[in-house]
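The residues making up each chain are set out below.
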Amino acid sequence: IGWEGFADFPSIKALLAPRVKKTGAAESPEVRAAVVSPTMAHAEPFSPRSRDFNSLMSRSASVPALGEYKLGPGFIPRPPERPRRTFHPRTVRAQKIVLVAPGVLLVVLQVGIVLATAYCSVPLSRDGISYTAAFCRGPVPDPTNRLNRGLRFTFFVGFLQWVTAWLRLFPTWHAALYNDGQWSTLCMLLILGPISGVRFLVWAFLPAGSGITQTLWFLRHHDIDNGLVILWMVWFICASFVILRPSCLDLSGWSPHIFAGDDWKGFAMHLKYSFIVPIMLHFARGSLSPGMGFTHAQNDLIVITLAYPMMVMGVWVFSFAVVAFPRKKTAFLAALLSSGAAAAICVFAEMNSLLIVLVVWGQLVKKQLPWFGSTKRFDIDATKKMEHVYHTYRKHVRRVVWLGWGIIASFGLGMFVLTAMAVAQEQIDWYPDSIFVESKSHNASNSRHHSTQVEHAMVNILDLEAELDANGVPVSKGEGYRSVRMFPEYAVCSQQFQGLSMMDYALLSLTAYWEPTAPDFQHMQEALFPPWSVPPMSPRVVNTSRSTPEGRRGLYWVEMEVPEYNMTVIAVRGTDPAKIVDFVEDIRMWTEPVVLQLVSIVFPTVRIWPQGTVEMVISGAHQLLEYFNYADDKWSYVALLKHAEMVMHERRKRVVLTGHSLGGGMALIVGAFLNIPTVAITPPGVYQSIAKHRSLQKRQGRVPKMPVDSEIAAPHLDSTASIHHQSLSLVVENDWISAIFDKHTGMVQTMTCDRSDMALQLSCHMLESTLCHIHRHCGDHRHRWNSCDHEYRLHATILEVGKMATKEGIAFVRSAWATSAVIGSLRAYTYPIFFLLLFAFVRYM
């Protein structure tokens, strides 16, 4: 469709333009009157004496096009040896069909919307029980729904374009109708015109608003709109049949010169304006209306922009099919065969959606054109010429399209490989531990030093040092062990959320990386939450995700009770480098925001989309996937959502969620649905990602219950509003994980990165680095640690692993060489063969 608009609609021109053929030898030179004015140009070819449409157009084509020869007031000789050109006899009916077919299809679509609305407005009952049909629960039958309104306006825009083309092809249509005595047809304009004008003024200056039904003249406003549009469509179709009569055509202003030169460019420009002007008027009206606003107008614009190409494709396919099939029986046979084949294919593929059946049916009809149809009814020379002129542009566009398909294919292949690896890992149940803890103590004069070292993923080394006196009491060194003069504190440092500090939440998030069956799990709890804490804090693990049916397959979380504060903290694990399914979940969670950011490079207006627009686009994309049986509705956070809801309402506990990285993002989403406090450490943003999850919850009928103490505020809070009120996110600058995936929402505290030189290698994203940074700038009000040091040794670990792998590989090869009987028998021939190969390489290469 973009190519058609760019190239001034060559396909429409090929269908409407008269097709000519050579009928014999050239005529002898003769003189003809020059065309000096439009009146004279139309006088001879379109004289009232002409009664046959084919002969009329034949004589019109015999006149040279304007600008082809030198024009003047006198006579000019006709060029010799020019073959006579007459119109193909089979193009007459095709051109008539092309003129009427779009209007007929638009009437059918508009009437279909009206019938769907009327059908769903009638209550249904079975055995005395009222029910609603599955089709009526969708957005299309609801006249106040955005999709219904968008489709109706799209059909209206298509009708305006058809009327624009109609008026350009028949500029003096009123003279033709008047001469034919069509008084009733003309009088209809006196009725439809004023009513339509009044309705347009009401639509423009007194809009109903989103989801509101106006009553005008004791009728609903959408019923009036549908009735007026259908009447106008029927009027123009009837007028087309009248004007296409041979007795009226010559008075309508029809001229084949419109298909040549600047006339056709003007025709194409009017078609483009008839699309752009109504769309911009609709957008301005919605943006300036008090009951709608920019978000409402933006969402409507996106729906119309997406629906318009599908409508145009349907009109073109319908017109081409009607023209190409020469006989009614052939067309009926092709449609029947395509319907059966489409139904069989969709049933076999388990895709029973009506939309998919129609798409497959259209493709099958197109494939049957070479068998049952005929393309000789219209000439495609104009299209070929336009393709030759714009060959360079088409080549570049084709490259861009192939690049896009390559990116999509690469993404799909990568997801397939990762998913296969995750399934294989689950089958063999191989999940190696990636985090370890070790504690040491040694006595000094009048004190005891206690150190805890945590090694995570082989690249993070966290060292925590504490100094205790002889009685086991922490030795205080400043306010909360923080050097106030050296390191300025952040605004969040002096705040406590549900009684816990940022240091507490960082340690609780680190706890989630241990497996409950790990041998050092109990030792980890004692090391991270030592008994000398003042004030005390001793969280106790009461449940983990391993007790759920998902087991290792789902998101890992650990539920801990904090008796000192009578609360439950659920810590969610982030991306485990030894668990491939976590990488798959990362990609699935944040695919849409990344795609929108890439699209915003080409279309910068995407960056100003409000949240409602983003939610509509993302949820619409997922609903489209559901139509094709590719529903993306299996999310690992669902088990956590159900468990947290159960803890709140059955155990009557106060729940707080926390987590790092992927775990922080999941905690933010669950906390937004349940309206509970959430503290996330270096999470990806969820401002746009949450849209698809909210839409999924609504479609599946799962409406999570709000906490008991927020029942009054719950009706006024959706998940996005809840995340603004109940969440805190700690974001580290130069952390590209937190920066590129999505926007952050709620309360956000940005911190500096201690290792910005290795930001690309994820040093700023590590939980251990953030924990030490919090300790340095905020301190530890429980006096657990004197110092906190973090070492990020990615390069050293890579070299060490490479050396180890090389060493083990060499040892394996040597062992195989020494133990293999076949190789041992050929060992005597090894050196001669090696020297022969070396000589051949030097000699012939």
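Placed above this text is the structure.
Residues numbered from 1 in each chain as written. Predicted model: local features only at pLDDT ≥ 70, side-chain atom pairs only at ≥ 80, totals over all residues. Heavy atoms only, no water.

J.: I'm lost on helix α21 (residues 591-602) in this one. Help?
T.: Along an α-helix, residues three or four positions apart point the same way, because every turn accommodates 3.6 residues. Between the first and last C-alpha of α21 there are 18 Å, a value that for twelve residues agrees with the 16 Å anticipated at 1.5 Å per step. Within the span of α21, buried status applies to Glu592, Pro593, Leu596 and Ser600. Axial view of α21: buried residues confined to an arc of 95°, hence all on one face. Residues of α21 that are exposed and angled more than 90 degrees away from the buried face: Leu598, Ile601 and Val602. (Helix = DSSP H or I, 4+ residues; strand = E, 2+ residues; numbered from the N terminus. Expected span 1.5 Å × (residues − 1). Buried < 20%, exposed > 50% of the residue type's maximum accessible area, 1.4 Å probe, protein only. Arc of directions from axis to C-beta.)

J.: How should the environment of alanine 466 be read in this particular structure?
T.: Inspection of the secondary structure puts alanine 466 in strand β11 (residues 460-469). When the C-alpha positions of alanine 466 and serine 441 are compared, they lie 9.4 Å apart, and in sequence the two are 25 residues distant.

J.: Please clarify how the side chain of glutamine 425 should be interpreted in this entry.
T.: Structurally, glutamine 425 can be placed in helix α17 (residues 391-428). Taking the relative accessible area as the measure of exposure, glutamine 425 reaches 4% and is therefore buried. Engagement of the side chain of glutamine 425 in a polar contact is seen with the backbone nitrogen of isoleucine 580, the distance being 3.1 Å. In contact with glutamine 425, other than residues within four places in its own chain, are Trp430, Tyr431, Ala578, Lys579 and Ile580. (Polar contact = N/O pair within 3.5 Å; in protein donor to acceptor, adjacent residues only side chain to side chain. Contact = heavy atoms within 4.5 Å.)

J.: What's the story with the environment of alanine 644 in this structure? I'm lost.
T.: If you trace the backbone, alanine 644 turns up in helix α23 (residues 637-649). When the C-alpha positions of alanine 644 and glutamate 559 are compared, they lie 9.3 Å apart, and in sequence the two are 85 residues distant. Filtering out sequence-adjacent residues up to four positions away, alanine 644 remains in contact with Ile570 and Leu674.

J.: Please clarify how a nonpolar patch on the surface should be interpreted in this entry.
T.: A surface patch of nonpolar side chains, about 580 Å² in accessible area, is lined by Met188, Leu190, Ile191, Ile195, Val198 and Trp217. Mapped onto the secondary structure, valine 198 falls in helix α8 (residues 183-205). (Patch = residues over 30% accessible without salt bridge, like charges linked within 9 Å, V, L, I, M, F, W, Y side chains within 5 Å. Areas by Shrake-Rupley, 256 points an atom, 1.4 Å probe, with all protein chains shown as cover. Salt bridge = Lys/Arg side-chain N within 4 Å of Asp/Glu carboxyl O.)

J.: When you look at the packing of helix α18 (residues 502-511) against helix α28 (residues 767-778) in this model, what are you seeing that I'm missing?
T.: To characterise two packed helices, one gives the angle between the axes of the helices and the distance between these axes. Contact pair α18 / α28: the axes reach a minimum separation of 9 Å and the direction vectors enclose 160°. In terms of orientation, α18 lies roughly antiparallel with respect to α28. Note that α18 runs across α28; the crossing there is left-handed. Every residue of α28 that contacts α18 at Met502, Met503, Ala506, Leu507, Ser509 and Leu510 is listed here: Leu767, Glu768, Leu771, Ile774 and His775. Looking at the contact of α18 with α28 residue by residue, the classes come out as eight nonpolar, two polar and one charged. (Axes fitted to C-alpha atoms, helices over the stretch in contact; angles between N-to-C directions. Parallel < 35°, antiparallel > 145°, perpendicular 65-115°, else oblique. Left-handed = near helix turned anticlockwise from the far one by under 90°. Nonpolar A, V, L, I, M, F, W, Y, C, P; charged D, E, K, R; others polar.)

J.: How do you make sense of the state of the cysteines when you look at a structure like this?
T.: Disulfides are covalent bonds that connect the sulfur atoms of two cysteines. A complete count under the given rule lists three disulfides for this structure. The disulfide bridge from cysteine 753 ends at cysteine 764, spanning 2.0 Å between sulfur atoms. Its S-S torsion of about -90° marks the bond between cysteine 753 and cysteine 764 as left-handed, since a negative value means left-handed. Highlighted residues: cysteine 753 in the loop between β18 (747-751) and α28 and cysteine 764 in the loop between β18 and α28, separated in sequence by eleven residues. Assigned by exposure class, cysteine 753 and cysteine 764 land together as buried. In this model, cysteine 772 is linked to cysteine 788 through a disulfide, with the two sulfur atoms separated by 2.1 Å. Taking the sign of the torsion about the S-S bond as the criterion, the disulfide between cysteine 772 and cysteine 788, at about -70°, is left-handed. Taken together, the residues cysteine 772 in helix α28 and cysteine 788 in strand β19 (residues 787-792) connect sequence positions 16 residues apart. (Disulfide = S-S within 2.5 Å.)

J.: For this particular structure, what's the right way to read the sheet that holds strand β17 (residues 727-732)?
T.: Strand order across the open sheet formed by seven strands is β12-β13-β14-β15-β16-β17-β18, with mixed pairing between neighbours. Bordering the open sheet on either side are β12 (540-544) and β18, each of which pairs with just one other strand. Looking at each pair of strands side by side, their axes are set apart by 20° on average, direction ignored. With five bridges joining them, β17 and β18 adopt parallel strand pairing. From the neighbouring strand, serine 729 faces β18, where its bridge partner is valine 748. The strands touched by helix α24 (residues 662-674) within the sheet are β14 (567-572), β15 (655-660), β16 (678-681) and β17, with β15 carrying the most contacts at an inclination of about 150°. (Pairing = 2+ DSSP bridges.)

J.: In this structure, what is going on with the nonpolar core? I would like to understand it.
T.: Side chains that are nonpolar tend, in soluble globular proteins, to be buried together. Phe159, Trp166, Leu169, Phe170, Trp173 and Phe236 are the most contacted members of the largest nonpolar core, which totals 53 residues. Elements supplying a minimum of two residues to this core: α5 (91-121), α6 (146-169), α7 (173-179), α8, α9 (221-243), α10 (246-249), α11 (261-288) and α12 (294-324). The dominant element in this core, judged by the number of residues it contributes, is α9, at eleven residues. Here phenylalanine 170 is in contact with Leu99, Ile243, Leu244, Leu249, Ser252 and Trp254, once residues within four sequence places are set aside. Val454, Leu468, Val569 and Val679 belong to the second-largest nonpolar core, a separate cluster that totals 49 residues. (Core = buried A, V, L, I, M, F, W, Y, C linked by side-chain atoms within 4.5 Å.)

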